[in-house]
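Structure assessment
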Amino acid sequence: MTDLTPVLSATWDAEQSWKLSTYTDHGGYGALTKALGMEPADLIAAVKDSGLRGRGGAGFPTGMKWGFLPPDDGLPRYLVVNADESEPGTCKDIPTMLSAPHLLVEGVAITSYAIGSNHAFIYLRGEVVHVYRRLMQAVREAYEAGHLGKDIHGSGFDLDVTVHAGAGAYICGEETALLDSLEGRRGQPRLKPPFPAVEGLYARPTVVNNVESIASVPSIVGKGVEWFTAMGTERSKGMGLFSLSGHVAKPGQYEAPLGITLRELLEMAGGMRNGRPLKFWTPGGSSTPLFTDEHLDTPLDYESVGAAGSMLGTRALQLFDDTTCVVRAVTRWTEFYKHESCGKCTPCREGTFWLAQILERIEDGHGTDADIQQLLDTCESILGRAFCALGDGATSCITSSVKLFRDEYEQHIQQGACPFDHSASALFDYDSAPAPEEAHA
Ligand SMILES: Cc1cc2nc3c(=O)[nH]c(=O)nc-3n(C[C@H](O)[C@H](O)[C@H](O)COP(=O)(O)O)c2cc1C
Ligand code: SF4
């Protein structure tokens, strides 16, 4: 069985883990000192060699992205950290910033030095006010200790960090919508190219990276490329946070090498809640096609999950047992996409509206025989035709659930009602859920 590899989460259970003193007691900011003694190009090469792939969902190689920036022209260039984390089921960046905000701040400082940026932004999901306060406090502490600001560690490198709270729109996690929002506009995706590396924030070269990607940088610099590449699989290197939620005995964050399987994670998480069978699960959030118990042994790396017909995404493993109505779950997710569609393009704006309408009537038992085909046709009209990946993502749970559980959709239509007894579903049965201290024992 693969062991857990707590790196990002190593200090989460330390006393006042969010404080600078706790972080430095555990060796914090040592990697920054080391990085400032290196050439920026060597740092970029190290991150390229580590094989770190973006942890925000798409898995794009991080060092390669940094290398896309054009040569320095003496004008500003920016690092923007994507801390919008709004994908249903995804809950790794928020605990990282809550428990170890200095890990992110140190990663921001190292990355900014590597790419030649003197101003970095952290764009945070607006609803998490407690995380905003904690991040602001960490940035303040880092300035006071000389880890940010002028002449960091006497190196001559200057860096300002701005923490910006968004207004709570899922689309503002899409990197170009995020940039528009940061500039004060309504958050809607931009046409690409130009890509942010060429024309990003304020039309200047910009690197946009996920919180977990940037928080992984200090350990790569501090412990070395070989240490990092020793974890994971051939093309999916390193460790990552796997977020288990739903009908699982001990939900939470499990930090493990990429390539671990759900079977192994479930063993550590105490199995399914109440010992019930696993019915379906998302490997990477609600935008990734559903898996079933047939995929318990699929290695959770980019290649294996892709080959099995889904996507690793954000490693948001939402687990559902046999008491769950799949139509109901898919309808809730679709209502989310309908609500969060930014309205810029017709396939997604209109399509998600119709998908929700059709699903709601099937769930309520008012669907017709033609509705399942209508659902699939509408998904086909969105997939590959929408302006950004939100539209494509909205279709994943629908098409995969019809493929896997078509009989359940048909049952709703034939019986004129949902065949499930929702009071039997343990999803919202808080009485049978373990107490937090028990779950994390
Ligand atoms: C609708 C939508 C929402 C997204 N939300 C997030 C998010 O909350 N956090 C994130 O890091 N990336 C999100 N992304 C992906 C970003 O566009 C981008 O790929 C990512 O921030 C790049 O960082 P990485 O290379 O470090 O993964 C989202 C993409 C889409 C289409
Ligand atoms: S796919 Fe949806 S979220 Fe993306 S631009 Fe079109 S309407 Fe907006």
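Residues numbered from 1 in each chain as written. Chains lettered and ligands numbered in written order. Predicted model: local features only at pLDDT ≥ 70, side-chain atom pairs only at ≥ 80, totals over all residues. Heavy atoms only, no water.

With respect to the site of ligand 1
Around ligand 1, a shell composed of 18 residues is seen, among which G56, K65, N209, N210 and S213 lie nearest. Between R55 and ligand 1, the recorded distance is 3.4 Å, taken from a backbone N or O atom to an oxygen atom. For ligand 1, whose free accessible area comes to 610 Å², the fraction covered by protein is 88%. Looking at the shell around ligand 1, the elements that each hand over two or more residues are β4 (206-210) and α16 (389-415). (Near = heavy atom within 4 Å. Polar contact = N/O pair within 3.5 Å; in protein donor to acceptor, adjacent residues only side chain to side chain. Areas by Shrake-Rupley, 256 points an atom, 1.4 Å probe, with all protein chains shown as cover. Helix = DSSP H or I, 4+ residues; strand = E, 2+ residues; numbered from the N terminus.)

Re the side chain of S117
Its place among the elements puts S117 in the loop between α6 (101-115) and β2 (119-124). Within the structure, S117 has its side chain in polar contact with the backbone nitrogen of L79 (distance 3.5 Å). Within the structure, S117 has its side chain in polar contact with the backbone oxygen of H119 (distance 3.0 Å). Residue contacts for S117: discarding those within four places in its chain leaves R77, Y78, L79, S112, F157, D158 and L159. (Contact = heavy atoms within 4.5 Å.)

Side note on the domain arrangement of the chain
On domain assignment, one finds that the chain holds domain 1 (20-229), domain 2 (239-321) and domain 3 (326-425). Its C-alpha centre places domain 2 at a distance of 22 Å from the equivalent point of domain 3. Contacts between domain 2 and domain 3 engage 13 residues on the former and 14 residues on the latter. When domain 2 packs against domain 3, close to 1100 Å² is buried across both sides, 67% of that on carbon and sulfur atoms. Interface area lost by domain 2 to domain 3 is led by K279, S286 and L290, which between them contribute 49%. (Domains from an automatic or database assignment. Buried area = accessible area lost by both parts, 1.4 Å probe.)

Some details on the site of ligand 2
Around ligand 2 sit 13 residues in total, of which C342, K344, C345, C348 and C388 are the nearest. Across the shell around ligand 2, the residue classes break down as 9 nonpolar, 3 polar and 1 charged. (Nonpolar A, V, L, I, M, F, W, Y, C, P; charged D, E, K, R; others polar.)

Looking at the sheet that holds β4
Taken together, the 4 strands give an open sheet; going across it, the order is β3-β2-β1-β4, and neighbouring strands pair in parallel fashion. The open sheet terminates on both sides in strands that have one partner only, identified here as β3 (160-165) and β4. Going from strand to strand, the sheet's axes swing by 20° on average, the running direction of each strand aside. Here β2 runs beside β3; their pairing, made up of 6 bridges, is parallel. Counterpart to H119 in the pairing with β3 is D160. Running at roughly 90° to β4, helix α9 (residues 211-223) makes contact with β1 (78-83) and β4 of the sheet. (Pairing = 2+ DSSP bridges. Axes fitted to C-alpha atoms, helices over the stretch in contact; angles between N-to-C directions.)

Side note on the pairing of strand β6 (residues 252-257)
Buried residues dominate β6, accounting for 5 of its 6 residues. Of the pairings in the sheet, the one linking strand β5 (residues 239-246) to β6 comprises 6 bridges and is antiparallel in character. The residue bridging L244 from the neighbouring strand is G252, located in β6. (Buried < 20%, exposed > 50% of the residue type's maximum accessible area, 1.4 Å probe, protein only.)

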